[in-house]
Every structure is written in structure tokens, then in C-alpha cells.
4 protein chains.
Amino acid sequence: MRLIIDTDTAGDDTFSLLLAMKTPGVTLEAVTICNGNVDFDQQAENALATIEAAGKSGEVPVYLGARRPLLADWEPAQMHGADGMSGADLPRARQRPEKMHAVDALIERIMAAPGEIEMIAQAPLTNLALAVTREPRIAKALKHLWIMGGTDNSVGNVTPCAEFNFYIDPEAAAIVFRAGFDITLSTWTLTLGSSVFDAAQLARIDAHETPLTEFYRKVSATPRKVAEQRYGKAICTHPDTLTCACAIDPSIITAARDAVVRIETAGTITRGHSAIHPARLGARWPEYRENARVIESADNDAFFRMLERALTT
Amino acid sequence: MRLIIDTDTAGDDTFSLLLAMKTPGVTLEAVTICNGNVDFDQQAENALATIEAAGKSGEVPVYLGARRPLLADWEPAQMHGADGMSGADLPRARQRPEKMHAVDALIERIMAAPGEIEMIAQAPLTNLALAVTREPRIAKALKHLWIMGGTDNSVGNVTPCAEFNFYIDPEAAAIVFRAGFDITLSTWTLTLGSSVFDAAQLARIDAHETPLTEFYRKVSATPRKVAEQRYGKAICTHPDTLTCACAIDPSIITAARDAVVRIETAGTITRGHSAIHPARLGARWPEYRENARVIESADNDAFFRMLERALTT
Amino acid sequence: MRLIIDTDTAGDDTFSLLLAMKTPGVTLEAVTICNGNVDFDQQAENALATIEAAGKSGEVPVYLGARRPLLADWEPAQMHGADGMSGADLPRARQRPEKMHAVDALIERIMAAPGEIEMIAQAPLTNLALAVTREPRIAKALKHLWIMGGTDNSVGNVTPCAEFNFYIDPEAAAIVFRAGFDITLSTWTLTLGSSVFDAAQLARIDAHETPLTEFYRKVSATPRKVAEQRYGKAICTHPDTLTCACAIDPSIITAARDAVVRIETAGTITRGHSAIHPARLGARWPEYRENARVIESADNDAFFRMLERALTT
Amino acid sequence: MRLIIDTDTAGDDTFSLLLAMKTPGVTLEAVTICNGNVDFDQQAENALATIEAAGKSGEVPVYLGARRPLLADWEPAQMHGADGMSGADLPRARQRPEKMHAVDALIERIMAAPGEIEMIAQAPLTNLALAVTREPRIAKALKHLWIMGGTDNSVGNVTPCAEFNFYIDPEAAAIVFRAGFDITLSTWTLTLGSSVFDAAQLARIDAHETPLTEFYRKVSATPRKVAEQRYGKAICTHPDTLTCACAIDPSIITAARDAVVRIETAGTITRGHSAIHPARLGARWPEYRENARVIESADNDAFFRMLERALTT
Ligand SMILES: [Ca+2]
Ligand SMILES: [Ca+2]
Ligand SMILES: [Ca+2]
Ligand SMILES: [Ca+2]
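The residue numbering used here restarts from 1 in each chain and proceeds along that chain's sequence as written. Working convention: letters from A go to chains and numbers from 1 go to ligands, in the order in which they are written. Selection of residues for local features in this predicted model requires a pLDDT of at least 70, selection of side-chain atom pairs for listing and counting requires 80 or more, and totals for whole chains, interfaces and linings are taken over all residues. Calculation of side-chain values draws on the structure's entire complement of heavy atoms; hydrogens and water are dropped beforehand.

**A short note on the sheet that holds strand 6 (residues 183-186) of chain B**
Residues and elements named next belong to chain B.
Part 1 of the argument: A pair of strands is considered paired only if DSSP assigns at least 2 bridges between the two. Strands are runs of DSSP state E lasting at least two residues, helices are runs of H or I lasting at least four, and both sets are numbered from the N terminus onward. Here we have nine strands laid out as an open sheet, ordered 3-2-1-4-5-6-9-7-8, and mixed in their pairing. Where the open sheet ends on each side, the last strands, each with one partner, are strand 3 (62-64) and strand 8 (274-278). Going across the sheet, the axis of each strand differs from the next one's by a mean of 30°, ignoring polarity.
Part 2 of the argument: Its contacts with the sheet put helix 1 (residues 12-22) on strand 1 (2-7), strand 2 (27-33) and strand 4 (117-122), and the angle it makes with strand 1 is roughly 170°.
Part 3 of the argument: Those strands touched by helix 12 (residues 239-248) are strand 4, strand 5 (144-148), strand 6, strand 7 (253-263) and strand 9 (292-298), and its axis lies near 155° from that of strand 5. Lines fitted to C-alpha atoms define the axes here, with helix axes fitted over just the stretch in contact, and angles between the N-to-C directions of these axes take values from 0 to 180 degrees. Every residue pair with non-hydrogen atoms within 4.5 Å of one another is taken to be in contact.

**Brief notes about the pattern of salt bridges**
Part 1 of the argument: Any Lys or Arg side-chain nitrogen found within 4 Å of a carboxyl oxygen on Asp or Glu counts as a salt bridge. Applying the stated criterion across every chain yields a total of 63 salt bridges over all chains.
Part 2 of the argument: Among the salt bridges present, the one from Arg2(A) reaches Glu29(A), with a minimum N-O distance of 2.6 Å. Here the residue Arg2(A) occupies a position in strand 1 (residues 2-7), and Glu29(A) occupies one in strand 2 (residues 27-33), the gap between them amounting to 27 residues.
Part 3 of the argument: Overall, Arg2(A) belongs to the partly exposed group, its relative accessible area being 29%.
Part 4 of the argument: A relative accessible area of 16% places Glu29(A) in the buried class.
Part 5 of the argument: As a salt-bridge pair, Glu52(C) and Arg94(C) come within 3.2 Å of each other at their nearest N and O atoms. Note that Glu52(C) is positioned in helix 2 (residues 40-53) and Arg94(C) in the loop between strand 3 (62-64) and helix 3 (102-112), a separation of 42 residues in sequence.
Part 6 of the argument: Salt bridges here are not isolated pairs; linked through shared partners, they connect Arg2(A), Glu29(A) and Glu116(A). A 1.4 Å probe rolled over the protein chains alone gives each residue an accessible area, and that area as a share of the maximum for its type sets the label: buried under 20%, exposed over 50%, partly exposed in between.

**Let's talk about the interface of chain A and chain B**
Part 1 of the argument: Across the boundary between the two partners, chain A contributes 26 residues, which contact 26 residues of chain B.
Part 2 of the argument: Put simply, buried area is the surface a 1.4 Å probe can reach on two separate parts but cannot reach once they are joined, added for both. At the boundary of chain A with chain B, total buried surface from both sides reaches about 2000 Å², with 58% on carbon and sulfur atoms.
Part 3 of the argument: The largest per-residue losses of area from chain A upon contact with chain B belong to Pro160(A), Ile269(A) and Trp285(A), which jointly make up 26% of the total buried on that side.
Part 4 of the argument: For the interface between chain A and chain B, the tally reads zero salt bridges.
Part 5 of the argument: Any pair of nitrogen or oxygen atoms within 3.5 Å is treated as a polar contact; in protein, a donor-acceptor pairing is required on top of that, and neighbouring residues in sequence qualify only through side-chain atoms on both sides. Here chain A and chain B share nine residue pairs in polar contact (both at pLDDT 80 or more) between them.
Part 6 of the argument: Counting only elements with at least two residues in the side of chain A that touches chain B, the list comes to strand 7 (253-263) and strand 8 (274-278) of chain A.
Part 7 of the argument: Any residue that is not Ala, Val, Leu, Ile, Met, Phe, Trp, Tyr, Cys, Pro, Asp, Glu, Lys or Arg is counted as polar, Gly included; the first ten are nonpolar and the last four charged. Within the side of chain A that touches chain B, the residues separate by chemical class into 12 nonpolar, 11 polar and three charged.

**Here we look at the coordination of the calcium ion (ligand 3)**
Residues and elements named next belong to chain C.
Part 1 of the argument: Donor atoms from the polypeptide that bind the calcium ion (ligand 3) are Asp8 (OD), Asp13 (OD), Asp13 (OD), Gln122 (O) and Asp240 (OD), placed at 2.2 to 2.5 Å.
Part 2 of the argument: One chain supplies every donor to the calcium ion (ligand 3), and in sequence these donors are spaced D-x4-D-x108-Q-x117-D. Note that Asp8 is positioned in the loop between strand 1 (2-7) and helix 1 (12-22) and Gln122 in strand 4 (residues 117-122), a separation of 114 residues in sequence.
Part 3 of the argument: Judged by its relative accessible area of 1%, Gln122 falls in the buried class. The rule for donors is simple: an N, O or S atom within 2.8 Å of the metal counts, and for Na, K and Ca the reach is 3.2 Å. Water is not among the atoms, so a site may look short of donors.

Worth remembering: the numbers are spatial, not functional.
Written as C-alpha cells, this is what we have:
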């Protein structure tokens, strides 16, 4: 598969990149950086360092996109450490970002190969919103759009009603969900349900002691430590990597449903909320049309094995 | 039990009143009328006619409350016919409404018997919001508050995000849910899941041919006909009556959970939405405290038998 | 004139009460306390102490109203000191608050003398909103409603778009402005333009050394000191007292216009904003009807003399 | 001066283009089309036909931009007739739109000549918001940005609180006003105060009977007729043309002030409202910084002569 990943590279974002680069049959054609988890330039360095760690230096161009949300004030995510890499202190990559803007790169690449490229959006949706507003035809030219964001009628991670990616740029999310893309949504609710590695799984990865399992161990150190302090046992969540795994091998999706997904941009308690309705809302609200497939559960074990394989071969 | 029902009396509201009046051990001490389903004065007549039909004329005082929502523009509900009674054309009741305002009656009655009275709020919450803002102590003096309204992470009946009672007066609902009442919430989601009588059940009620089953047949005629046209078979939903049944006999509740319930008053798509979160939102949001128990399912058969008994004895 | 004042008694609120009590021809029939400037019970004490200072102990009943806004979170005003009285440390008044709730008192008194009573609302409008929602007929039964609040197409004092009284309870303000009262609005813009006493005026009041000019000197000490530090000269603003003066003697109003006044309750930057439009918005927006007269300027000198007289006789 | 005009070309927009093309010393380097007054493609044809009418076919490239607002639903303006040209039925221009997107053209042209180009934004601000979000450096590279939109503490033309250009895409307007451009704002309030031609002025233009005065007569026919029916005399307003005139010759500005301008994107009554505050909001709100100069009045006669000259030479 031909793949582009839009990412606010920090922590789990990097494992998603690794999974895409190390899985046979997947060509990661470009990485675009969007505002999100940590300092924008740090995110670009994290992406470049991850490409270098995967032995792909110079093979995967990295494009810089929107440094801030459309309207909202940017605020950093928690749990990633200052560098978003648990202080892994990776060497500065030789590869440098491209000159072309991420929005232009997205439009050019998608329009150049209509129906061929899939995209994983694992950051706030600013870049994609700008691209599709500037060139609405990418919505149909993109083969499939895998989005990590929102909640599925459950609790968020920034406010009780909202998940980070959609909360940081709700206007962008609202634009993307009505633009006509063929979307599969991987929510924070799915992250909690199907993406968590427990202590035994983490130990099994660590035991490999390959360069990439070392990379994984270092970069996941902060969330693992926080979990250990909070719950008495190390765990690690993988919102972006599970999304990538589903894109690479949809057979690990064990339950999904078609839905109408809308994003609240205002509201006193619901800003950034993803309202997920049944696909058929019936005669009463004909304006709400099915616009996404929502993943409800995935095979945690198959996901684990896919990532383990990527980190060890 | 000592009971007050706040109601926008139309259709199913009347069956809830009948259930309360005809079930042994329940004393319906007062009925208060709130803006909602149909024309305000028609609602008062509907309540009075229902009391007369139950043979309780003069025994249950009816108080008139807020004729419109706090801030929102009132709009009538659908599916009830012009009179809210499927054109049942009941005789005008001899009993007339009380002079005292519903808000004053609520405060006076609840404060006069702290810890003894339970209340069913089966209409928009304007009256209750006014009462508790005027006299905050009723929140603790009321033994229990049973509210019909909202959705439980599912689709609404006015907008995809909102149910009628909360949509009509979201500000009132927001006030009531943070006032400190001991609340059990019966949602539209529960209504669809546990309150529906199918054609066989409806036929069984009709077959009794008592005055009150005749009342039921007439008043439910419109929704039954609509369902027949739409789905090919008559069904009837009972949001308010099921709420009343749960209040009278909590053992028919088969699943419930404690929760944090908040009401959105703004929002482009979520006005009137009931955000229902887990009871423990953890260290991140200490300001969101458990404030309601949400009924997830009820025993439809037990509910049916309770109402059947009320209509036939 | 027969007058009721609704007040969040602190600082300038007290001078308004004094002006009403000490001006011949004015009967201050009741004072109602609303949430606002400082701690609610402190406000009640401030009102009672002011009545005592005016030599009217036992003659002007004080009713306690809503301790918090309808929906908003209460926050104290600035510039009043902890007690709202510049630490004047007045003796505790002998008179105590009435048992009846302010909302009930407003309804009872206004309905008992239709067309006879005028009211000054110099606090957030919670009490009045509750009263008129509970008894809509007071809107026409009140002879005239003088409201201090909002801005007149100029800058606010809590946010650039909003003044304190309307910002603290925007929902209440919205309710009052559409309830049908005969309203004259005295804005923060007017306060800045016409109510300010300069150092010379303040010195002239101080020079009298009567008990009430001493009261004035003590209670206005904090804002005077702040102004001196900030601008190098003492000044004092009188939003509430000027409103009271206009009510007592409308001839001090030098310019006013009829208008459509609406209150924004949502908005990212405009919550609590008073949108003031021309009285005739024309064919395009027939739903916006003239609902208030807005005072544009008042005779500062006449106002000063009116207050000086009240404090010295 | 080197000039780019972003326009939703209909009615008065065309006179602004003519003024720029026919005034000596002005080089209209590009026209960009934005969603707004009428059908998007019609607007492009109107711009091309205007260029042809000015005898500049092939000299002023026309770039197509955003066909719809960022988030809002587009709705057409009133008073322009179906074609936005009062049915003038101009011949289809030979010149065709450029292939490059307006957003790309804006970025490329502005970044290629930093400090040299001025821009008139006389449409909703979607194009400019997309451009500056994609390339934030254009804010400082553009010499000056003249914006027609908003109201200056007065009544709007779509809602009482909002003017068309800002109402149609409030999110875009909010983005542009915080992007760091050097902005002069020409409001609807200024339009009503300084841009109106009365019947005598209109007659004087008509009397010239040049091709461009004929163009003016035809294209302004609908608003003139409407005014005649409504007020008994023909008048014509020139929001965009006056803005262009001020840009070309700032000496016709007779009053202006520095200000903090913010755009409301939410709100129940204020969506699209331009809150215009004093330039110095003081210590209380340090986050609100002066970001625009607001024109308060212009010399109507000088403006008339400037346009008359452009249409007759
Ligand atoms: Ca991410
Ligand atoms: Ca009901
Ligand atoms: Ca006050
Ligand atoms: Ca225009």
C-alpha cells in the first residue's frame, strides 16, 4: 500500500511511523508534520530521527505543515516529556525537512495518484483541513483516510467530552468530516479498549533488545513510568500505532460500524466533541449522512504481534 | 410513597399519572404543570381530565407553573395530536387548577416534609429549576428526584444530540443537575430499550375494555397509528410511565450506573445534550462529581404488568 | 415616588441607597439583595448598615434573594475591598433581613400596587429574572425599571465586551430584557461619561464632615486610593448612584435614545455583551422590537448637587 | 502602487476593480475570487467582464479561490440580482481564469515582493485566512491590507450584529485579524456614512454616457431601483469602491482611529460580529493588542470625483 502519515510526532506517533516503514508491502511515501503534542520543530526532529532509526534516512520526505491550529490556541499534550520522546536523546537526524509546505505536498501527491494513496491522520487535522479547503478534490482522490481522534460515546482525555486531536483544532476536524473523504475513525475509546500493552507484553518487547525495541523502550519510558506510579503496573497505550496497524491490515479490526460523525466547535462543555450517531438517522434529519466507519474493537494480540515483528526484523 | 409529578401532560404523561394514582401504596400529593408537549392550558386540562378519569377528582391538586422555558423559545413536541391526547375529546374536568403557583407549591410541600417526598420530573425542568434557584434547600429536602430526559450516549428525538425535555429548556436542566438533588435519570435511550409495548401487549390492554384501558386506547391512538403506518405494526413508547414505574417499584430496574451528568446549553450541534460520564472521572477533572444514577435497562414485562394492573383495577 | 432597589450592596451601591432614602419625595419601600460584588451575607449587612446610617433603621425592609447566578459561576467584583466597603468597619446594624425571599417580596409588592412602583436594578439581574419568570405580569405592573448594566457600544469592565452586572448573570439579563418591562438603561459607558466625581468634587463632599459625608469618605476610600495611584488623582465613579439620581429626577438626563437591547449569553468573546441597536431595525428584523431607553449622558453637576444635598441634610 | 484585490465580484465590487484599473499610478497585479455575494463561477465571469470593460483584457490575471467558507454554510447576498450585475448581460470575456489557485497566487506574489504589495480584501476572508495559515509570513510581507467588512459599533446588514463579509466566514475573519497584518478596516458603518451617492451624483455620472458610466449605470440598476421604491429616491452605496479609493489615496480619509478588532465566531446573536475596542485596553487585558486602524469617515465628494474620473477617462 502507498501511505502518507500526518503526525505530531511524539511518543506513540513514532511507533506508528516505524510500523509503516518496517512492514513489508507498505510504502511510506511522505510524512507531514502538524501542530499537536509538543513543540512543532521538535516534532519534525522526532519524525526525522525515527526515519533514521528505521534505516530509511533520505527515503521518506518530511514536510512541515501548520504550526498552529486554525483558530484555537495551541496547548501541548501531557505525558510525553519535554521532547515528546521521554528524553530518549536520539542523535539529530542527517535528513532535513523538505522545502515544500505539507499542505502543498498533500495536494500534489494525492492529486497525482488518484485512488491510490491512503493516509493516516494521527494529529490535529489542521493540515488536512487546509488541504481539502484549498483543493476539495483530494477528498475523492484519496483512497482512504484513517483518522485517530475523538471518542466513541465515552470519556475524552482533554475534557470529559473531548479527545486531544479534535480538541486542539475542532474547526479543522469539523471541516475534514464534512469534506467527503472515505474515513475510518480510530477513537480514544478504541485506544483504551484494544491498543494497550500490559506489563507482560512490554517485557516481551524489551527482551528482544534489537535497536528498534531499544528505541521503543526509551521512547515509551515516561508513559510506562507514569502508569507504574499511578496503577502499580506498567502499561502503554498506542492510539496512533493501532490506527496504522488497522490501515495496514484491516483484518485486525474485530468490530466496526458505519456512522454519522460530527464535530462540535462551540459549546460550554462539548468543544471538540465527536458526536457519533447511527449511520441512518432516518427521515427526521436527512442532512446528516453517513460519513465514517468507526472501529469498535481490534485484535490486541494480532496488533501486538504486528508491532513486535516490525521492531525485530 | 409520597409523590409529586411535574408534567407537560399529553399522551404518555397521562398514563404515568394514572399509574401513580392507581397503584396501592402511592399517594400522588400534587401535580405541577410545566411548559412542554402542547399548549400550556391544554396540558392543565389534560392533567385534570386524567385525575377525573382515575376517579380522584378533587383529591390531587394541580398547580400551574412556568408557561415558557427560561431562555429558549418554546416549541411543541410532535406525535401527540393537537390536544396532546390523540383527539380523545375527554369531558372537561370539574376540578380546577389551584391558585398557588407551581414553583411556590413545590417549595412549600417539599420543605414541609423534608426527606419524605419523591418527585417525578417528566417535562422540561423549568419549574424545578426556578424552585431550586429560589430555595436551594429543596435539593436536599426532596427524598428523591426521578427525571425523564436526555439520552445515554445515543441518539435524541429532537436533534441527533438532544432529547425533547432537555432540549426545550437546557438552561433549566443544567441548573437542576448541579443543584445537589439525589437524582435517578430515565433517558430516551432507556425509553427505546425498555418501555415499548408491542402489538400483542397493546392488544392485551385493549381486550380488558375497562374505563381506563379505554382511556389508554384513545389517548395512545395517534402514536399507535403513526407506528403502524411507519413500521407496519402498532407499538407505543412510555418514557414517563416507565419512569414512574421505576420510582414506584425500583426492583423493575435491571441495570443502572452512577454517573456524572452535565447538560450542554450552547453548542452548534449539542444544545440540550446530556453528557453522561463515568462516576469517577479521576484526578484530572475533580470538579465533575457524581450527580445521578442512570437507568440502563428495566424489566419490560414487569413494567407492562404494573401498568396493566393500574388500568384494570 | 415609590421605589424598590435591588442591590449587591458594596461601595457605590450604598450611596444609591442613601440618595433614595434622603431625597424628599422618595419612599424606598424595600431593598432586595442579589448576588454580585462581594460575599452575599456581607452585602446584606452592608445594606442594613447603610439604612442604619441613614437613620432609617426598621423602616426599609431588606429581603435576601438569589445567592448565585442562574447558570454562571459567581465571581466577585474588584476594587471594593474584602467587605465591599473599603474596610469602613461600620457597626453591625440592629435591623435584620426579612424572612420572606426577595423574589416573593418583589412579586407581592409589585402586584399589590400595579403601575405605582419603580425599581432600580443595580446588581446582576438574577432576582428580577426569577421573579418575572415566576410571575410574568410584574413586567407590566411595575411602573418603570431602571437598570444599571451593560455598555453602550463601548468597552466593558470585566471583559472588553461586557460589564460586570450583565457578565455575572447573562441569562438573567437576557430574560429581563425580553420580559416586557418599561426599561431605562444606565450603562457603564454612561458611568464613565457622566458619573465621575473629580478631586475637587470629592474634596467638597469631604469638607462637609457630616455623618453621611464621613460615611461616603470611608466607603469610597479604596477606589479613590486606587485611582490616585493609577492616574495620580483621586476620582470616584457612581454607576448605581447616577442611575438612582436619574430615576428620582429624570431631568438630569441630558441625552437618551430608544433602542433594541439584547444580551449575548454565549460567544467566545461576547458573553454578557449588551448589543444595543437602533429602535427601528426596519423590515429586515421585525422580531427585534424596541425594549429600552438608553441614557447617553447626564448632568454631572446636577447629579453631584443631588448627592451632596442627600449627604448633608 | 502595486495592488491585489480579493473579491466576490458583484455590483459594487466591479466599480472597485474599475477604480483600481483606471486610476493612474495603480497597478492591479492580480484579482482573486472568493466565495461571497453570488454563485462562485458567476463572480469570476463578473471580474473577467469588468477587466474587459476596462480595456485590460489579458493584463490582470484572475485566480479562483475558496468556493465556500471554512466552516459556515454559504448563503448569497441580497440586492444584486441573479448575476450580481443587475442583469447587465455583459458579453462573456475572452480572458479566462488562471490555473493556479488563488491561495497559492497570493502567497507566491506577496512573498516575491515583500513590503511592496497592498491588498484590498472586499469579500469574505476565506482566501486570505487560508493563505496566512499556510504561509504566516505573508502577514508581514504584505505592505498593507485594506479590509471591507464588519460594523463599527453600529448595526449590520445580515444580522443586527454582523455585516455580510464577516458573517459569511467568521472563522476566516477571526484568523486574519490575529495574523499580524497591517490592517485598515473599512466598515459597513463607514459605507453608510461616507460612500453613498445621492440622486444628483448618480445623475451626474449617468450624464457622461461613456462606456464605463454606462457599465456603472447598468450594474447599479437593481440597488438604485430598490432604493427608489423603498425611500422614494435613487441612492447607491459603495462599500468596496470606497475602500479601494481610501487605499489609492488615503487623503480622502477624514477620520480614523487605532483599535483592537476581534471577531466573534460563536454567540447566539453575535456570530460574525466585529468587536472594535480602543487601541489601549490597559493593564486589565494585555492580550488584546492594537491590530487595525478603523476608518470613521471619508470625504464623499473627493471619493465621488475619484470614481467619476476613473469612469470617464
Ligand atoms: Ca499523534
Ligand atoms: Ca412528559
Ligand atoms: Ca451594584
Ligand atoms: Ca465585495
